[in-house]
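Observations on chain architecture
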Amino acid sequence: MDTTKIYLPESKIPVSWYNILPDMPVAMAPVINPATLKPVTPDDLKPIFPMALIEQEMSKERYIPIPEPVREIYSLWRPTPLYRARRLEKALGTPARIYYKYEGVSPAGSHKPNTAVAQAYYNKQAGINRLTTETGAGQWGSALALAGQLFNMEVKVYMVKVSYQQKPYRRSMIQAWGATVIPSPSNETQSGRAILAVDPDSTGSLGMAISEAVEEAALTEGTNYALGSVLNHVLLHQTVIGTEAIEAFKEFEDYPDVVIGCVGGGSNYGGIMLPFMRERLQNGKETSFIAVEPKSCPTLTKGLYEFDFGDTGKMTPIMKMHTLGHTFVPPGIHAGGLRYHGMAPIISSLVKAGLVEPRAYYQNEVFAAAVQFARSEGIIPAPETAHAIKAVIDEALKAKETGQEKAILFNFSGHGHFDMAAYDAYFAGNLEDFAYPEEKIQQALHDLPKVEL
Ligand SMILES: *Cc1c(COP(=O)(O)O)cnc(C)c1O
């Protein structure tokens with residue numbers, strides 16, 4: 001029988017995370033303090049993050065050791081399997097070899113616990129016993145609730161109101177792991193009250209929920225904040241995905257020609273891609289890279305590469321990144337996740353440098369790809385993951401046309417078991433294809449902070 005998947009032994013759980021900062025082909029812009037409009041200092045970030053994570057955010061060390069207690073928790077589900085999608089290849093009639101790293105085996109069902117566990121650990125080490133965070137669809141909130149529970153910490157989750165109402169099961173998972181979850185915008189923070197004063201029926205957005213969580217952490221002694229994507233240290237923790245993938249490829253005696261992933265804030269894609277980017281930049285491997293996003297939230301394909309806030313309330317540091325503007329509110333008709341207005345500065349910078357190709361798809365073609373995958377490989381993907389699958393299928397069909405025998409790797413960021421309402425909407429023909437209007441992007445330009453360095 002031909003090999004379908006490689007499960008590395010627990011001894012192969014990586015011992016270090018890979019930090020791309022010293023290897024970036026172009027220098028990254030500094031992160032800016034929103035109050036002073038000057039580059040942030042570690043002290044500026046101390047009210048919300050522990051020093052260990054602040055240091056990782058700015059580190060020039062290429063490899064950062066993974067603490068043993070974090071590796072121990074990783075061993076509950078890591079190493080994750082690397083699959084060869086032989087049945088999908090056959091269904092497509094492609095000469096391409098398709099591989100995926102399956103992150104859906106974590107307790108929360110996605111890649112997110114890889115950083116949640118690390119962040120909870122460093123906060124606990126610093127004497128912090130309580131964390132706040134935001135969540136959109138609920139994956140990050142549930143991952144942090146899990147991590148908080150494993151380190152005996154309290155977690156409070158501000159959940160985007162529309163998801164709180166429409167995704168009751170993610171909410172239940174957050175509660176099952178002992179965390180508190182409230183709909184955002186809420187009356188519990190100044191930034192929440194300010195939004196409700198203008199729009200009492202606001203359905204919320206990630207940008208608003210981040211403001212609430214950051215505000216509470218900044219003003220509460222003994223409480224810190226945890227972010228599930230975008231930041232350098234989050235992508236750093238996710239590099240266990242790519243590091244394991246490189247090891248597992250040796251067992252397949254293969255190596256990817258292209259690495260594909262979906263991008264919301266860029267963490268799962270950064271996690272799989274960065275170790276392969278190192279191999280390209282340092283060791284001359286010729287891998288190419290594709291980042292996939294929805295047409296309704298086209299941060300990389302249509303957004304501006306400018307300094308912007310990470311949240312609606314302008315509380316977070318200002319970062320140079322692709323952005324649709326911090327006032328962005330995603331269209332309610334969009335079912336596929338990946339709704340954040342900004343993008344990880346590392347991913348933005350690699351796109352700007354021409355090393356990562358961004359691509360955007362409509363949601364109906366994305367769900368069609370998800371269904372095709374489920375019907376050949378069995379696993380039902382999260383709608384976010386399905387964006388990557390759509391690009392994989394396109395690449396595999398292109399390979400069929402040209403007779404090219406290439407190896408395609410994608411990150412299977414999570415399963416879709418809590419997203420069946422979105423599948424229902426697709427099957428009922430209720431999903432509308434929507435491209436974010438150009439005027440809105442131009443409008444956002446007026447709200448960008450004026451940073452002069
Ligand atoms: C959160 C999430 C994403 C998007 O976030 P990134 O930071 O871009 O990875 C993608 N897939 C799944 C399954 C998620 O839970």
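Heads up: the structure comes first, above all this text.
Everything in this summary refers to the structure shown in the same document. Since the model is a prediction, treat every value here as computed from it, not as a measurement.

Points about helix α8 (residues 168-176)
Taken together, the buried positions of α8 are R170, M173 and I174. Here the buried residues of α8 occupy an arc of 100° about the axis, which is enough to place them on one side. Every exposed residue of α8 that faces more than 90 degrees away from the buried side is listed here: Y169 and A176. Residues of α8 that are buried in the fold lie against β6 (130-135), α6 (139-150), β7 (154-160) and β8 (180-184).

Thoughts on the site of the ligand
What surrounds the ligand is a group of 17 residues, the closest being K112, S229, G264, S267 and N268. At 3.3 Å, a side-chain N or O of Q139 approaches an oxygen atom of the ligand. Within the side chain of N268, one N or O atom sits 2.7 Å away from an oxygen atom of the ligand. Burial of the ligand by the surrounding chains reaches 94%, relative to a free accessible area of 380 Å².

A look at the layout of surface pockets
Of the voids in this model, the second largest pocket is the one considered here, and its volume is about 640 Å³. Taken together, 33 residues form the lining of the second largest pocket, with A29, P30, V31, E57 and N232 sitting closest to its centre. At the level of secondary structure, the elements contributing two or more residues to the lining of the second largest pocket comprise α2 (51-58), α11 (232-238), β13 (318-323) and α15 (345-352). Broken down by class, the residue content of the lining of the second largest pocket amounts to 24 nonpolar, five polar and four charged.

Things to note about the side chain of D308
Among the structural elements, D308 can be located in strand β12 (residues 304-309). A polar atom in the side chain of D308 sits 2.7 Å from the side chain of H326. Other than its neighbours up to four places away in sequence, D308 contacts P317, I318, M319, M321, T323, G325, H326, H341, L448 and P449.

Concerning the sheet that holds strand β9 (residues 223-225)
Hydrogen bonding along the main chain pairs the strands of a sheet, whether they run parallel or antiparallel. What the four strands build is an open sheet, ordered β8-β7-β6-β9; its pairing is parallel. Both outer strands of the open sheet, β8 and β9, are each paired with one neighbouring strand and no more. Looking at each pair of strands side by side, their axes are set apart by 25° on average, direction ignored. In this structure, β6 lies alongside β9, joined through three bridges in parallel fashion. Considered in β9, the bridge of T132 is made with Y225. Contacting β6, β7, β8 and β9, helix α10 (residues 206-219) crosses the sheet at an angle of about 170° to β6.

Scoring rules and cut-offs
- All residue numbers refer to positions counted from 1 along the written sequence of the respective chain.
- Reporting of local features is limited, given that this is a predicted model, to residues whose pLDDT is at least 70; pairs of side-chain atoms are given and counted only at 80 or more, and all residues count toward the totals for whole chains, interfaces and linings.
- Heavy atoms throughout the structure, all of them, feed into the side-chain values; hydrogens and water do not.
- The classification of residues rests on relative accessible area computed with a 1.4 Å probe and restricted to protein chains. Under 20% of the type maximum is buried, over 50% is exposed, and intermediate values are partly exposed.
- Strands here mean DSSP runs of E at least two residues long; helices mean DSSP runs of H or I at least four residues long; both are numbered from the N terminus.
- Here, the arc refers to the directions that run from the helix axis to the C-beta atoms.
- Note on contacts: a residue pair is in contact if any heavy atoms of the two residues lie within 4.5 Å.
- The rule for a residue being near a molecule or strand is that one of its heavy atoms must lie within 4 Å of it.
- Polar contact is defined as a pair of N or O atoms within 3.5 Å, subject to the rule that within protein one atom must be able to donate a hydrogen and the other to accept it, and that residues adjacent in sequence are counted only when both atoms are side-chain atoms.
- All accessible areas in this document rest on Shrake-Rupley with a 1.4 Å probe, and a residue is counted as covered only by the protein chains that are shown.
- Here the term cavity refers to a set of points on a 1 Å grid, laid over the protein atoms alone, in which a 1.4 Å probe fits but cannot get out; the term pocket refers to an open set having protein on both sides within 12 Å along at least five of seven lines, with lining residues being those that place an atom within 4 Å of a point.
- Grid points are joined across faces, edges and corners, and a volume is the space filled by probe spheres set on the points.
- When residues are grouped by polarity, Ala, Val, Leu, Ile, Met, Phe, Trp, Tyr, Cys and Pro land in nonpolar, Asp, Glu, Lys and Arg in charged, and all others, Gly among them, in polar.
- Only strands joined by at least two bridges in the DSSP assignment are considered to pair.
- Orientation is described by axes fitted as lines to C-alpha atoms, over the contacting stretch for helices, and by angles from 0 to 180 degrees between their N-to-C directions.

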